[in-house]
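Listed here are the chains, written in short residue letters.
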Amino acid sequence: MTVQSPKNQIPNSMSARDIAHVLHPYTNLVKHETAGPLVIERGKGIYVYDDQGREYIEGLAGLWCAGLGFSEPALVDAAIEQMRKLPFYHGFGHKTTPPVVELAERLKALSPVPVGKVFFAESGSAANDTLIKLIWYYNNARGKPDKKTILSRNRGYHGVTIATASLTGLPANHRDFDLPIARIRHVDCPHHYRFAEPGESEADFVARLARNLETFIQQEGPDSIAAFFAEPIMGAGGVIVPPQGYFPAMQAVLRRYDILSVSDEVICGFGRTGRQWGAEALDYQPDFLSCAKQLSGAYLPISAVLVPEKVYDVIRDNSGRIGTFGHGFTYGGHPVSAAVAVRALDLYRERDILGHVNRVAPRFQARLRRLAEHPLVGEVRGMGLIGAVELVADKASKRAFAPAAGVGAACMAFAQEEGLIQRAVAGDSMAFCPPMIIEEAEIDEMFDRFERALERTATLVEREGLRQAA
Ligand code: PLP
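Parameters at a glance
- Residues numbered from 1 in each chain as written.
- Predicted model: local features only at pLDDT ≥ 70, side-chain atom pairs only at ≥ 80, totals over all residues.
- Heavy atoms only, no water.
- Helix = DSSP H or I, 4+ residues; strand = E, 2+ residues; numbered from the N terminus.
- Buried < 20%, exposed > 50% of the residue type's maximum accessible area, 1.4 Å probe, protein only.
- Contact = heavy atoms within 4.5 Å.
- Areas by Shrake-Rupley, 256 points an atom, 1.4 Å probe, with all protein chains shown as cover.
- Near = heavy atom within 4 Å.
- Polar contact = N/O pair within 3.5 Å; in protein donor to acceptor, adjacent residues only side chain to side chain.
- Nonpolar A, V, L, I, M, F, W, Y, C, P; charged D, E, K, R; others polar.
- Arc of directions from axis to C-beta.
- Pairing = 2+ DSSP bridges.
- Axes fitted to C-alpha atoms, helices over the stretch in contact; angles between N-to-C directions.
- Right-handed = clockwise from strand over helix to strand, strands pointing away.
- Domains from an automatic or database assignment.
- Buried area = accessible area lost by both parts, 1.4 Å probe.
- Salt bridge = Lys/Arg side-chain N within 4 Å of Asp/Glu carboxyl O.

(A) Spatial organisation of the overall build of the chain. Within the chain one finds 15 helices and 15 strands. Along the three orthogonal principal directions, the C-alpha set of the chain runs to about 65 × 60 × 45 Å. Scored against the burial criterion, the 470 residues of the chain give a buried share of 53%. By sequence separation, contacts in the chain at least 24 residues apart represent 69% of the contacts at least 6 residues apart. Accessible area of the chain: about 21,000 Å², with a carbon and sulfur share of 53%.

Okay, here's the thing in structure tokens:
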């Protein structure tokens, strides 16, 4: 049966199965055949509305990305204006467009570390994939052809291409995809609550992780390790805020062995943590940055890689020897996406979004931390306008629920019924990352809805005996 509707709306008489022609990302495809999709039709501010007119607070800003909400006319106008002027042009072979030139200047000025050039792609995955290639190319060019292994962390998230899904340290991204590929290795996740030894202080935990890193590098051979990728705060891995001193301790080791560091700012960039970049908030001084998502407020796809001068110089000379820098995407630096991104950066500044985040974050963090008292909540964590509550079967022992119990998924479903869209990540951690324009009253409303969902989850857990589930 084909969907035919002049307004592109799904006729009420159609079942979920009839409309299931989309292969959904990150979805249990078996369940989907009976559950069907939630069809989101429109948005306003921090809210989205489904095809039945029901309202939801978008507690995850879509996918940690719609920082300016879902109805910003200035971004729409920027797109229309650029569409009319020049709907497409590319950057291959010495070409460029004004919005791309402007955006590169803006990012260079915003960068926390000295930047030589900015490379544009269209997704976070493509930016990180580019970075792996750039680092390999750079090390070949500087006569270090064996220095190629890339380190990332267990539970890190860096994308879904073959190389970036390999960097991602989550089992579902590897299993049955024959990943990770060679030359990508994972080191410890800096989650004190889950991975500290009994009685281990945060400082001792950090020192142990740095020692483990050094031992790993020595065992592998320092001349084989090229780079270390890290999100300042891990998002999809459970919103993990590393303990104080983590990045300085790790970087002290990396620097001893000439290992480059990358800050994946795809979620943390542009004010999410209360600082322009997550790296600044976490005392991380990377060589490279990648960013996407909030770069354009998510209104159009675009991502960027900030390349340091010393690396650029080597890449430039190598491309001269080869005859070209043989890398680039058709839609990398799309002029309409770039025009929207320039406008988004204007709005962040004109409306002092960073100041706003810092004004409302205390309310957000206070409401989040209040949940720590709840019997189902093992840990509450967050910074700025990002956070999570981890649901556990037993608070004292930190015992997690059995994955098959589906407690996080149930909580997410209850939240949706209560009018809140959020995500259960890394099992049963309920993540919050609302549009950065959220106001205090809306923060209260978001947590009120979540608290109702949490109560319903607690009732379900007791009724079904899910604490005991093996
Ligand atoms: N890096 C981080 C930290 C992310 O959270 C994501 C996506 O959520 C990516 C990279 C991949 O970005 P994309 O989905 O645009 O490929």
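Moving on from the coordinates now.
(B) Quick look at the site of the ligand. For the ligand, the full set of nearby residues is Ser123, Gly124, Ser125, Asn128, Tyr157, His158, Gly159, Glu231, Asp264, Val266, Ile267 and Lys293. A distance of 2.9 Å separates an oxygen atom of the ligand from a polar backbone atom of Gly124. At 2.9 Å from an oxygen atom of the ligand is found a side-chain nitrogen or oxygen belonging to Lys293. At 3 residues, helix α5 (residues 124-141) tops the list of elements feeding residues into the shell around the ligand. Class assignment for the residues of the shell around the ligand results in 3 nonpolar, 6 polar and 3 charged.

(C) Looking closely at helix α9 (residues 246-256). Tyr246, Phe247, Met250, Gln251, Val253 and Leu254 are the residues of α9 that are buried. Seen from one end, α9 has its buried residues packed into an arc of 160°, which puts them on one side. Along α9, exposed side chains directed more than 90 degrees from the buried face belong to Arg255 and Arg256. On its buried face, α9 is in contact with β5 (149-153), α8 (202-220), β7 (225-230) and β8 (260-264). Phi for Asp258, located one or two positions after α9, is positive at around 55°.

(D) Highlighting the sheet that holds β7. What the 7 strands build is an open sheet, ordered β4-β10-β9-β8-β7-β5-β6; its pairing is mixed. This sheet does not close on itself; its edge strands, each paired only once, are β4 (117-121) and β6 (184-187). Direction aside, neighbouring strands of the sheet carry axes that sit 20° apart on average. Relative to β7, β5 runs parallel, the two being bridged by 3 bridges. By the bridge assignment for β7, Ile150 is matched with Ala227. Contacting β5, β6 and β7, α8 crosses the sheet at an angle of about 150° to β6. Across the sheet, helix α11 (residues 309-322) lies against β4, β8, β9 (288-291) and β10 (303-307), angled at about 95° from β10, the strand it touches most.

(E) View of the pairing of β5. Among the 5 residues of β5, 5 are classified as buried, and the element is accordingly described as predominantly covered. In β5, alternate side chains face the same way, and those of Thr149, Leu151 and Arg153 on one face and Ile150 and Ser152 on the other are all buried. Bridge count for β5 against β6 is 4 bridges, and the pairing is parallel. Pairing of Ile150 across the sheet is with Ile184, part of β6. This β-α-β element, β5 to helix α6 (residues 162-167) to β6, shows right-handed connectivity.

(F) Looking closely at the domain arrangement of the chain. Per the domain assignment, the segments of the chain are domain 1 (16-71 + 353-464) and domain 2 (74-350). Averaged C-alpha coordinates put domain 1 and domain 2 at centres separated by 26 Å. The partner domain 2 presents 34 residues to the 37 residues of domain 1 that form the contact. A per-residue breakdown of the area domain 1 buries against domain 2 is headed by Trp64, Leu68 and Met383, which together make up 22% of the total. Where domain 1 packs against domain 2, one counts 1 salt bridge. Glu390 is paired through a salt bridge with Arg194; the nearest N and O atoms lie 2.8 Å apart.

(G) Expanded view of the environment of Gly355. Looking at the secondary structure, you find Gly355 in helix α13 (residues 353-370). Judged by relative accessible area, which is 18%, Gly355 ranks as buried. Taking the C-alpha atoms as reference points, Gly355 and Gly271, separated by 84 residues in sequence, lie 8.9 Å from one another.

(H) Representation of the environment of Thr168 within the structure. Following the sequence through the fold, Thr168 ends up in the loop between α6 and β6. Taking relative accessible area as the criterion, Thr168 reaches 0% and is therefore assigned buried. For the pair Thr168 and Thr27, spaced 141 residues apart in sequence, the C-alpha to C-alpha distance is 18 Å. Filtering out sequence-adjacent residues up to four positions away, Thr168 remains in contact with Gly156, Tyr157, His158, Gly159, Asn173, His174 and His186.

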